[in-house]
Amino acid sequence: MTDRRYPPVESQPSFPAIETEILERWKNDDTFAASLEKRPAGSGEPDEYVFYDGPPFANGLPHYGHLLTGFVKDAIPRYRTMKGQRVDRRFGWDCHGLPAEVEAEKQLGISGHPEVAAFGIEKFNEYCRTSVLRYTNEWERYVTRQARWVDFENDYKTLDLPYMESVMWAFKTLHNKGLIYEGYRVLAYCWRCETPLSNTETRMDDVYRDRQDPALTVKFALDSGEKILAWTTTPWTLPANLALAVHPDVVYAVIEIDGEQLILAEARLDSYEREFGEAQRVGTLLGSDLVGRTYQPLFDYFSDTESAFRILGADFVTTQDGTGVVHLAPGFGEEDQNVCLEAGIATVCPMDSHGCYTSEVTPWAGQHVFEANPAVIKHLKQVGVVVRHDSYDHSYPHCWRCAEPLVYRAISSWFVEVTAVKQRMLELNQQITWVPEHLKEGSFGKWLANARDWSISRNRFWGSPIPVWKSDDPEYPRLDVYGSLAELERDFGVVVTDLHRPAVDDLIRPNPDDPTGRSMMRRVPEVLDCWFESGSMPFAQVHYPFENTEWFEQHYPGDFIVEYIGQTRGWFYTLHVLATALFDRPAFSTCVSHGIVLGDDGQKMSKSLRNYPDPMVVFDTYGADAMRWYLLSSAILRGSDFSVTESGIRETVRQVLLPLWNSWYFLSLYANAEGTSGTWRTDSSNVLDRYILAKTAQMVERATKDLDAYDLFAACSGIREFLDVLTNWYIRRSRDRFWEGDKDAIDTLHTVLDVLCRVSAPLLPLLSETVYTGLTGNQSVHLADWPSASELVSDPELVLVMDRVREVCSVALSIRKAHARRVRLPLSELTVSHSDAQQLSGFIDIIADEVNVKRVSLSHETSAAASAVLQVNPGALGPRLGGRTQDVIKSVKSGDWRQEGDQIFAGDIELFEGEYSLKMAVTPGAASAALGDGLGMVTLNIEVTPELAAEGTSRDLIRLVQQARREAGLEVSDRITLTLGVSDALRNLMQPFLEELSSETLATSLRWADGEANTNLDGEAIFIGVERASISPR
RNA sequence: GGGUCAGUAGCUCAGUUGGUUAGAGCACCGCCUUGAUAAGGCGGGGGUCACAGGUUCAAGUCCUGUCUGACCCA
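Residues numbered from 1 in each chain as written. Chains lettered and ligands numbered in written order. Predicted model: local features only at pLDDT ≥ 70, side-chain atom pairs only at ≥ 80, totals over all residues. Heavy atoms only, no water.

Novice: Looking at this model, I keep getting lost on the overall build of chain A. Mind explaining?
Specialist: Counting secondary structure elements, chain A contains 34 helices and 39 strands. Relative to the globule expectation of 31 Å for 1034 residues, the C-alpha radius of gyration of chain A, 40 Å, shows a markedly less compact shape. When the 1034 residues of chain A are sorted by exposure, 55% land in the buried category. If you take every contact in chain A between residues at least 6 apart in sequence, the share linking residues at least 24 apart comes to 76%. Summing over all exposed atoms, chain A offers an accessible surface of approximately 44400 Å²; the carbon and sulfur share of this is 47%. Side chains of chain A give 100 positive and 149 negative charges; the mean places of these two sets differ by 3 Å. (Helix = DSSP H or I, 4+ residues; strand = E, 2+ residues; numbered from the N terminus. Rg over C-alpha atoms; globule rule 2.2 N^0.38 Å. Buried < 20%, exposed > 50% of the residue type's maximum accessible area, 1.4 Å probe, protein only. Contact = heavy atoms within 4.5 Å. Areas by Shrake-Rupley, 256 points an atom, 1.4 Å probe, with all protein chains shown as cover. Lys, Arg positive; Asp, Glu negative; His and termini not counted. Charge placed at Lys NZ, Arg CZ, Asp CG, Glu CD.)

Novice: Would you explain the pattern of salt bridges in this entry?
Specialist: For side chains of opposite charge, pairing can occur when their charged atoms come near one another. Using the criterion set out here, one finds 59 salt bridges in the structure. In this structure, Lys227 engages Glu260 in a salt bridge whose closest nitrogen and oxygen atoms are separated by 2.7 Å. One end of the pair, Lys227, is in strand β6 (residues 227-232); the other, Glu260, is in strand β9 (residues 260-265), and 33 residues separate them in sequence. Note on Glu260: relative accessible area 23%, which makes it partly exposed. Members of the salt-bridge network, linked through shared partners, are Arg478, Asp480, Arg490, Asp491, Arg509 and Asp513. (Salt bridge = Lys/Arg side-chain N within 4 Å of Asp/Glu carboxyl O.)

Novice: Looking at this structure, how should I read unusual backbone geometry?
Specialist: It is generally the case that most residues other than glycine have a negative phi and that most peptide bonds are trans. A cis amide bond links Arg501 with the next residue in sequence, Pro502, at an omega value of 0 degrees. Structurally, the position occupied by Pro502 is in the loop between α16 (485-492) and β20 (509-510). For the peptide bond that leads from Tyr544 to Pro545, omega is 0 degrees, which places it in the cis range. Within the chain, Asp258 stands out as a residue other than glycine whose phi angle is a positive 50 degrees. Mapped onto the elements, Asp258 comes out in the loop between β8 (251-257) and β9. For Asp258, a relative accessible area of 78% gives the class exposed.

Novice: How should the sheet that holds strand β34 (residues 928-930) be read in this particular structure?
Specialist: Whether parallel or antiparallel, the strands of a sheet pair through hydrogen bonds between backbone atoms. Pairing is mixed across the open sheet formed by four strands, whose spatial order is β28-β27-β35-β34. Edge positions in the sheet fall to β28 (853-859) and β34, since each has one partner strand and no second. Here the strands of the sheet are splayed against their neighbours by 15 degrees on average, with no regard to which way each runs. Bridge analysis of strand β27 (residues 827-834) against β28 gives six bridges, and the strand direction is parallel. Paired with Leu830 across the bridge in β28 is Val856. Across the face of the sheet, helix α29 (residues 844-851) comes into contact with β27 and β28 while running at roughly 135 degrees to β28. (Pairing = 2+ DSSP bridges. Axes fitted to C-alpha atoms, helices over the stretch in contact; angles between N-to-C directions.)

Novice: Help me out: how do you make sense of empty space enclosed by the protein in this one?
Specialist: Think of a ball as big as a water molecule: rolled over the atoms, this probe shows where empty space is left. For the structure on display, the rule yields three cavities of 30 Å³ or more. Its boundaries defined by the atoms lining it, the largest cavity holds a volume of some 50 Å³. Surrounding the largest cavity, Leu238, Pro239, Asn241, Pro297, Leu298, Phe299, Phe302 and Phe309 form its lining. Partitioning the lining of the largest cavity into residue classes produces seven nonpolar, one polar and no charged. (1 Å grid on protein atoms, 1.4 Å probe; cavity = no way out; pocket = protein on both sides within 12 Å on 5 of 7 lines; lining within 4 Å. Points joined across faces, edges and corners; volume = space filled by probe spheres on them. Nonpolar A, V, L, I, M, F, W, Y, C, P; charged D, E, K, R; others polar.)

Novice: Explain the protein's contact with RNA strand B here, please?
Specialist: Near RNA strand B lie 52 residues; those nearest to it are Trp739, Arg824, Lys893, Gln962 and Glu1000. Close to the protein, within 4 Å, the atoms of RNA strand B are drawn from sugar and phosphate at a rate of 64%. Between RNA strand B and Gln655, the relevant distance is 2.9 Å, taken from a sugar or linking oxygen to a side-chain nitrogen or oxygen of the residue. Broken down by element, the residue count for the surface near RNA strand B peaks at eight residues, all from helix α23 (residues 646-673). (Near = heavy atom within 4 Å. Polar contact = N/O pair within 3.5 Å; in protein donor to acceptor, adjacent residues only side chain to side chain.)

Novice: Explain helix α27 (residues 765-776) here, please?
Specialist: For an α-helix the count is 3.6 residues per turn, leaving residues at separations of three or four pointing the same way. Between the first and last C-alpha of α27 there are 16 Å, a value that for 12 residues agrees with the 16 Å anticipated at 1.5 Å per step. Across the 12 residues that make up α27, a large majority, 12, are buried. Those residues of α27 not exposed but buried are Pro765, Leu766, Leu767, Ser768, Glu769, Thr770, Val771, Tyr772, Thr773, Gly774, Leu775 and Thr776. Looking at the buried side of α27, the elements it contacts are α1 (15-29), α3 (64-82), α7 (136-145), α22 (624-632), α23 and α26 (743-760). (Expected span 1.5 Å × (residues − 1).)

Novice: Is there a simple way to explain the nonpolar core in this structure?
Specialist: Side chains of a nonpolar character, in soluble globular proteins, are inclined to be buried together. Counting residues in hydrophobic clusters, the biggest one holds 129 residues, and the most contacted among them are Leu632, Leu726 and Leu830. A per-element tally of this core places helix α25 (residues 712-739) first, with 12 residues. Not counting chain neighbours up to four residues away, the residues in contact with Leu632 comprise Leu68, Phe71, Val72, Ala75, Leu637, Leu712, Phe713, Cys716 and Leu763. (Core = buried A, V, L, I, M, F, W, Y, C linked by side-chain atoms within 4.5 Å.)

Novice: Explain the environment of Lys227 to me, please; I cannot follow it from the model alone.
Specialist: Since its relative accessible area comes to 25%, Lys227 is described here as partly exposed. The spatial distance from the C-alpha of Lys227 to the C-alpha of Gly675 is 103 Å, given a sequence separation of 448 residues.

Novice: I'm lost on the layout of surface pockets in this one. Help?
Specialist: Counted as a void, the second largest pocket has a volume near 2300 Å³. In terms of lining, the second largest pocket is formed by 49 residues, of which the most central are Tyr670, Arg735, Asp736, Gln962 and Glu1000. For the lining of the second largest pocket, the secondary structure elements donating two or more residues are α23, α25, α29, β28, α32 (946-967) and α34 (994-1001). Residues belonging to the lining of the second largest pocket are distributed by class as follows: 17 nonpolar, 13 polar and 19 charged.

Novice: When you look at the packing of α25 against α26 in this model, what are you seeing that I'm missing?
Specialist: Angle between the axes and distance between the axes: these two values describe a pair of packed helices. Orientation of α25 relative to α26, taken along the N-to-C sense of each, is 165 degrees, at an axis distance of 11 Å. When the axes of α25 and α26 are compared, the pair comes out roughly antiparallel. As α25 runs across α26, the sense of the crossing is left-handed. Together, Ile719, Phe722, Leu723, Leu726, Tyr730, Ile731, Arg737 and Phe738 of α25 and Asp744, Ala745, Ile746, Thr748, Leu749, Val752, Leu753, Leu756, Val759 and Ser760 of α26 make up the contact between the two elements. (Parallel < 35°, antiparallel > 145°, perpendicular 65-115°, else oblique. Left-handed = near helix turned anticlockwise from the far one by under 90°.)

Novice: Sorry, what's going on with the sheet that holds β20 here?
Specialist: Spatial strand order, β19-β18-β21-β20: four strands in an open sheet with antiparallel pairing. One side of each edge strand has no neighbouring strand; the edge strands of this open sheet are β19 (479-481) and β20. Bridge count between β20 and strand β21 (residues 520-523): two bridges; the pairing is antiparallel. Bridging across to β21, Arg509 finds its partner in Met521.

Novice: Could you clarify how one ought to interpret α1 in this entry?
Specialist: In this model α1 runs 21 Å from its N-terminal to its C-terminal C-alpha over 15 residues, within 8% of the 21 Å that 1.5 Å per residue would give. Within α1 the residues assigned to the buried category are Phe15, Pro16, Ile18, Glu19, Ile22, Leu23 and Trp26. The arc that holds every buried residue of α1, seen down its axis, measures 155 degrees, which confines them to one face. For α1, exposure combined with an orientation more than 90 degrees from the buried face picks out Glu21, Lys27 and Asn28. Downstream of α1 by one or two residues, Asp30 has phi in the positive range, about 50 degrees. (Arc of directions from axis to C-beta.)

Novice: Help me out: how do you make sense of the pairing of strand β35 (residues 936-940) in this one?
Specialist: Remember that side chains alternate between the two faces of the sheet whenever the strand is regular. The element β35 is extensively covered by neighbouring structure, given that five of its five residues are classed as buried. Here β35 shows a buried face lined by Gly936, Val938 and Leu940 and a second buried face lined by Met937 and Thr939. Here five bridges tie β27 to β35, and the two strands are oriented antiparallel to one another. Bridge pairing in β35 places Val832 opposite Val938. As judged from the three bridges shared by β34 and β35, these two strands associate in the antiparallel manner. Across the sheet, the residue bridging to Ala929 is Val938, located in β35.

Novice: Where do I start with the packing of aromatic side chains in this structure?
Specialist: The geometry of an aromatic ring pair is captured by the separation of the ring centres together with the interplanar angle, meaning the angle of the planes. Within this structure, the stated rule accounts for 51 aromatic pairs. Judged by centre distance (6.5 Å) and plane angle (90 degrees), the rings of Phe539 and Phe552 are edge-to-face. Here Phe539 is found in helix α18 (residues 537-540), whereas its partner Phe552 is found in helix α19 (residues 549-554), with 13 residues between them in sequence. Owing to a relative accessible area of 0%, Phe552 belongs among the buried residues under this scheme. An aromatic cluster of at least three residues, connected via ring pairs, comprises Trp169, Phe539, Tyr544, Phe552, Tyr556 and Phe583. Lying over the aromatic face of Tyr189, Arg409 brings its terminal NZ or CZ to 4.6 Å of the ring centre. (Phe/Tyr/Trp six-rings, centres within 6.5 Å; stacked < 30°, edge-to-face > 60°. Lys NZ or Arg CZ within 6 Å of the ring centre and 35° of its normal.)

Here it is as structure tokens:
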């Protein structure tokens, strides 16, 4: 067993090469599957941990945002697995939705509803299907390369028939609960493409362009006698006017001209100078005074509309332009519609899908609304209500496909009545843990509180169908909602194998309520918002409730989801809506929400700006673990945005990966030189060993706490700090012991690295795997158990004392620096003066060695080089003294304090135990420095005797020889013959140190000879010759 | 216009229930070290904690307002 050797470890590793090797091994051994099998599913909590994969939309390659989310989606499940829980991870694909259609249209060179219909819905959808799956292989390649373990074979797709059936079930269940209704929703609409546009589409670049429109100011006759002026840039909407809006707080002027009293915002009077320059001001009103007044409609097409033709109050009214009075046509404006709905005014929309007036607007029926503008204006002028007609330049949205100006139009839509469950959603939100925490009551909570009904239908082709069939004859109305394939089969008599259009549209049957047998039941044409589908993921991925009902009950809500912060309005929200409405439960118990990944210039990542390193290049240059650590240790996991820079990734390699690797290299080097390897042991009595084991235990505790809190940022910091202690203290101070093959040291470092690898496994899965498997010979670190601090050493006192030792050394080195005494130059004595100095007694060898002094003295006396300084403790002082606290602090700072026996006075005020401490300050110029707690100090004897100087020179010489060995390319254990060419004086000076020189440099012989000087010692040019000795005893 | 978050060193960010002299990494400068060495250590400069008020014995921290930025909503 003990003759086991570590595998050879490269001193200068290629991390990408190591990573691909591990990935290959995982693939061959199917380590992921093994890690699942090792944790058999039990009865749900607590031996299972439920992770929901938020489906990406894969119509492009993954970018940093996806990779970051993927790293978190991997790290947390790996951690939970090591903690003993089973974590199934199914990959999910979001397949439906507008991006797929847009991509298909682009590739097919067609655009808009009429063209798609002409092309054929079946062919079009078939194209969408292949298009969305085109990138799946690439995605798998990236995800695998980033070392994310996820089940691709058992993935779920929103286009799968079982998935779609579950979505259908959800729709019907909501309908049965009375939470689905059909209504109107105003959307941006392209009359040429005959399609509504989504928010995303109206926010694309180049959508807003300057355009000149007619601007019309018209008079509405109030029933109270005055006329109120409204302004519009869409005169064609005036026939559909149903109300006017004023701002309740705006001041409106009443003016009189030509016997008419006119009302408009006071702030707008100036801009109507031309028309009303002669008018008399006869009154002033607040908007709130006007609210509720009624007026005569301009047209009589909708004159019997209930509650219409009134003045309403609305906050969005401004006095930036127009008259401060807004004409409302609820069918043609979203705000118009909202205000009107609140006032109980129905939505009318006398425009057909081609943008032409319907027959309701009799004179211009069939005419395109834009073309009808002049006719409408002409008519209004004829009836004498036009006050002004001019033109207006403004930025106006255009269709991004066909560049025609858009209109806003009320579209028939299906809604989920979110407002009915809003209260419950807020309550259930209380059960969710949010990271960062402020999201709960912040963005998410506020968003819930203002939730409006959710429009879930889309006038599109590629998606889950709205499962509603309607009678095509209003004489015999009937509406059927379907919730399963079986129901469809029952009514339509065919086996349904595809729920996509057009197959699903072909399901037609006679209306059972129509005795004439003429009317037919036809599906409504819309498809579902794809967010409805992704929100259905927890149950739809397992085909609930048609299958897996028991499984679902045990795995809902999920334990953990993570996505970027924007999903508070997206996936997080739709999950929560459906969970509340369907199951009266939250969908997830913890949600991590990270920020946005930016380019190296702080701007959004942009291919054209080339402001970020290509992920695959980073994988090939630095490796996936470097990228993972870099992202996971950044503030992005605390919700803020974060710039990815190549230098940052390089820095990660230097600060994290290399130290870990170097520690492993170091251990393997010396253990293998000794012909041995380490074993798990925590019982070394060496203080350094005990210290690092205790530090390791603390590191484990902290990492566990941080990972339990999903604080990957903090977990990374803790490990990094530990790496510093490990490499810059433990290993550096223990070099000699390793050189001597000390088994305690080898076993201890072996044990520490074992634990470190396991703690790092979620955060550096590839590197920790290489080290761990090399170290232990075990199959995988990811099959290991998460370490527990109790496996190690608990010795908080030792940790405290050793940390004090490190501080003493650090202070001593700074004194050397201040007095220009290089470390190779031995000094005679270091004195630590501290009331607790004796606790360092077991460590004086370590200190002496580290700071290169002959002797370390411990003293509890205050050194002459220091003077006492009083420090107050305001925390204790404040409660007793109140307002006088500051006086005391001021006195003490100005030196106005004194000690009388046991009593301490600051000014006139006596201070008591606990309210102050007496500390030491160092006299300037002395070779001493205070310790951090101010209760002690370190003094260095900086006198350099000739003996010490000579010894220092000998150390310089040893170092030069070592350098020469290295330059000669010798192995660490090679013996050498050494040739020195120095002056006689120097040779005499070195005489006492020659034995040490030989043993330190493994010189089997030392020859004095001349030679051309090739280096320099203490200002003297000397020659050093190094040759490999022929016999190597090892 | 409203909301959320943020504003701390040249850059990226920590800063725990208010408490003495506000920290880290990077970058810069200087020094040192080297049998882990194309690595590492020590030290230095660099801060009106965005601004203005307020609460308090005491504010980077709590409150109010303003400004700036990001995101969301309108």
